[in-house]
Amino acid sequence: MSKTNFTKVEEALAEGLRKIELEKLRQEAKARKQQAESPATPPSPELDAEHRRKKHALKLTLKWLLKQDKGIYSKLKTSEKEVKRLLEGPGELSEFDWEVLEMILTRADTIKKEMKKKAGALEDEELVEEQRTKHLTKRFNVNDKWLPLK
């Protein structure tokens, strides 16, 4: 039997491995570049959930306040554009933006409580106490509109 020369095959294999290694290095460099451009630490899932909760709470509060008073943004000392930017933004807000969002949320909550007090709405504890006294003598399967038994 004759000997087979595998040098051409070995050189082609070495060249292929070199190309693969170069491609890995390019991808690594691209990933490091993107990592350097992005924030240093990604937000934790708990913090992200808290931010989503605050955004949602502000949306609901503003929706309620806008039904009550159309000029609510002047009472909040902000503009409609600013609130929309905070709520409907791409999701990545700076620390300063989160502080502004929290301040708007606290102002909105206080205004909402004041409006409820002016309207004569009962607080939760008062409502519970009123219902507790009402239901002490409540009979089952009897309509409240019917005359009570004597």
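Residues numbered from 1 in each chain as written. Predicted model: local features only at pLDDT ≥ 70, side-chain atom pairs only at ≥ 80, totals over all residues. Heavy atoms only, no water.

In this structure, what is going on with the overall build of the chain? I would like to understand it.
From N to C terminus, the chain includes six helices and zero strands. Relative to the compact-globule value of 15 Å for 150 residues, the chain shows a C-alpha radius of gyration of 33 Å, a clear excess of over 25%. In terms of overall dimensions, the chain has a C-alpha envelope of 120 × 45 × 20 Å along the principal axes. The proportion of buried residues among the 150 residues of the chain is 17%. Within the chain, residue pairs in contact and separated by at least 24 positions form 62% of the contacts whose partners lie at least 6 positions apart. Summing over all exposed atoms, the chain offers an accessible surface of approximately 13300 Å²; the carbon and sulfur share of this is 56%. Across the chain, 34 positive and 28 negative side-chain charges occur, with their mean positions spaced 6 Å apart. (Helix = DSSP H or I, 4+ residues; strand = E, 2+ residues; numbered from the N terminus. Rg over C-alpha atoms; globule rule 2.2 N^0.38 Å. Buried < 20%, exposed > 50% of the residue type's maximum accessible area, 1.4 Å probe, protein only. Contact = heavy atoms within 4.5 Å. Areas by Shrake-Rupley, 256 points an atom, 1.4 Å probe, with all protein chains shown as cover. Lys, Arg positive; Asp, Glu negative; His and termini not counted. Charge placed at Lys NZ, Arg CZ, Asp CG, Glu CD.)

Please clarify how a negative patch on the surface should be interpreted in this entry.
Taken together, Glu123, Asp124, Glu125 and Glu126 make up a surface patch of like negative charges. By the secondary structure assignment, Glu123 is in the loop between α5 (95-119) and α6 (124-134). (Patch = residues over 30% accessible without salt bridge, like charges linked within 9 Å, V, L, I, M, F, W, Y side chains within 5 Å. Salt bridge = Lys/Arg side-chain N within 4 Å of Asp/Glu carboxyl O.)

So what exactly am I meant to see when it comes to the nonpolar core here?
Across soluble globular proteins, nonpolar side chains show a tendency to be buried alongside one another. Residues Leu58, Leu62, Leu76 and Ile104 are the most contacted members of the largest nonpolar core, which totals 18 residues. Those elements that provide at least two residues to this core are α2 (45-68), α3 (72-75), α4 (80-87) and α5. Counting residues per element, this core draws most heavily on α5, at eight residues. When sequence neighbours within four positions are dropped, the list of residues in contact with Leu62 reads Tyr73, Leu76, Val83 and Leu87. (Core = buried A, V, L, I, M, F, W, Y, C linked by side-chain atoms within 4.5 Å.)

Function cannot be inferred from these measures alone, as they are strictly geometric.
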